[in-house]
Amino acid sequence: MVTEAAPGRQRRGKQQEGASPKPTGRRSGHLLRLMTRDKVGLVGLVIVVLMIAAAALAPLISPYDPTAMSDQRLAPPGGDFPLGADEAGRDLLSRALYGARTSLTVSLIVVTCAGAIGVLLGLLAGFYRGVLDAIITPATDIMFSFPTLLLALAVVAARGPGTENLVLALVIVFIPSFARIVRGTAMSVRREPYVESGQAVGLSNTRLILKYILPNSIAPIAVQFTTSIAYAILIEASLGYLGLGVQPPQPSWGSMLSNGKSFMEMSIWPSVVPGVCIMIAVLGFNLLGDTLRDVLDPRLRGRSSR
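Residues numbered from 1 in each chain as written. Predicted model: local features only at pLDDT ≥ 70, side-chain atom pairs only at ≥ 80, totals over all residues. Heavy atoms only, no water.

Labelled according to an unreviewed UniProt entry, the protein chain appears under the name ABC transporter permease, originating from Micromonospora reichwaldensis. Taken directly from UniProt, the Sequence similarities (unreviewed entry) text for the protein chain runs: "Belongs to the binding-protein-dependent transport system permease family." Listed in UniProt under the heading Subcellular location (unreviewed entry), the comment for the protein chain reads: "Cell membrane". (UniProt positions renumbered as here; feature names shortened; annotations may be inferred.)

## What about the overall build of the protein chain?
For the protein chain, the helix and strand inventory stands at 13 helices and zero strands. The N-to-C order of helical and strand elements in the protein chain reads α-α-α-α-α-α-α-α-α-α-α-α-α. Split into buried and exposed, the 306 residues of the protein chain put 43% on the buried side. The contacts in the protein chain between residues at least 6 apart in sequence include a share of 70% that link residues at least 24 apart. A total of about 15,900 Å² of accessible surface is found on the protein chain, and carbon and sulfur atoms cover 64% of it. (Helix = DSSP H or I, 4+ residues; strand = E, 2+ residues; numbered from the N terminus. Buried < 20%, exposed > 50% of the residue type's maximum accessible area, 1.4 Å probe, protein only. Contact = heavy atoms within 4.5 Å. Areas by Shrake-Rupley, 256 points an atom, 1.4 Å probe, with all protein chains shown as cover.)

## Notes on the UniProt feature "transmembrane region" (unreviewed entry) in the protein chain
When the UniProt feature table is mapped onto this chain numbering, "transmembrane region" (unreviewed entry) sits at residues 40–61, 104–128, 140–160, 166–182, 221–246 and 266–289. Across residues 104–128 one finds 100% helix and 0% strand; the C-alpha atoms that close the span lie 35 Å apart. Helix makes up 81% of residues 140–160 and strand makes up 0%, while its end C-alpha atoms are separated by 24 Å.

## Considering unusual backbone geometry
Residue Pro249 is bonded to the preceding Pro248 through a cis peptide linkage, with omega at 10°. Summarising the element assignment, Pro249 is placed in the loop between α10 (205–241) and α11 (253–260). Look at Leu74: it is not a glycine, yet its phi comes out positive at around 55°. Counting through the fold element by element, Leu74 comes out in the loop between α4 (58–61) and α5 (92–128). Of note, the phi angle at Arg129 is positive, near 55°, even though the residue is not glycine. Structurally, the position occupied by Arg129 is in the loop between α5 and α6 (130–144).

## Structural notes on the packing of α11 against helix α12 (residues 269–296)
Interhelical geometry of α11 versus α12 gives an angle of 145° and a closest axis separation of 8 Å. For α11 against α12, the interelement crossing comes out left-handed. Facing α11, whose interface residues are Trp253, Met256, Leu257 and Gly260, α12 presents Pro270, Ser271, Pro274, Gly275, Cys277, Ile278 and Ala281. Class assignment of the residues belonging to the contact of α11 with α12 gives a composition of eight nonpolar, three polar and no charged. (Axes fitted to C-alpha atoms, helices over the stretch in contact; angles between N-to-C directions. Left-handed = near helix turned anticlockwise from the far one by under 90°. Nonpolar A, V, L, I, M, F, W, Y, C, P; charged D, E, K, R; others polar.)

## Comments concerning the packing of aromatic side chains
As enumerated under the stated definition, the model contains four aromatic pairs in all. Here the aromatic rings of Phe174 and Tyr231 are separated by 6.1 Å at their centres, their planes lie at 85°, and the arrangement is edge-to-face. Residue Phe174 is located in helix α8 (residues 163–190), and its partner Tyr231 is located in helix α10; the two are separated by 57 residues in the primary sequence. Relative to Tyr212, the ring of Tyr194 has its centre 5.3 Å away and its plane inclined at 50°; by these criteria the two rings are tilted. (Phe/Tyr/Trp six-rings, centres within 6.5 Å; stacked < 30°, edge-to-face > 60°.)

Right, here's the structure in full:
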């Protein structure tokens, strides 16, 4: 019975290896169609696209220089300032647009770097196991034991405020999430028959990881990437609020919120504008991440109609 099963597994492995993958454009179009059927996911996608467009086109669509001051301090919305002015007479719309540029740039850099390192660590721990897993998994568990914001705050406080230290702190914070997700996927896929058949026919470990393990990890990585951007925006704004994030004169939603709180009795707009921007940005990426999870997971696809 054992001798009959082995050739069968080997034939399945060869068929898997020789199967031609679907064109990338066709798969991307199918994924986009599934996402647009979900109204909530479509709202998230629209928010994300508009935020990216606003950040990219900020120098072109901003009515003023975000650091230019005027004598119309705390001016209400309307007239020369569509969303009002802050305590220094700076246009809130221009500062909000450049704040989107700052938040999105920092978040994309952080999540991309953390994702690359975390995916690599997760693949090594989940595929090779042994000593690597015994080192990587406890290290990520230790980092998970600290609250995310507290860990980022400790790193920034130790190294000092500034954009570079902020990025470093957030990269350290987000590495364990990617490593844990990819490790679990790698451990599961490694036991599949087609991976075992690939080992039987002499495929190298690197080839197995690139051909079987990593492609099966794309879906959870994509979901984690999207939701991590939302969380990175929130943490970046929190550290900016405490004065430990992006430093003036560069606009940041967190620092705008911090400066506006002292003038709430005279004008609420310097606090409301950045607060609403943070809320919409986080909401958009979270909705998009939830929809990606439902679309990419076949077990949830039937329940994703809302």
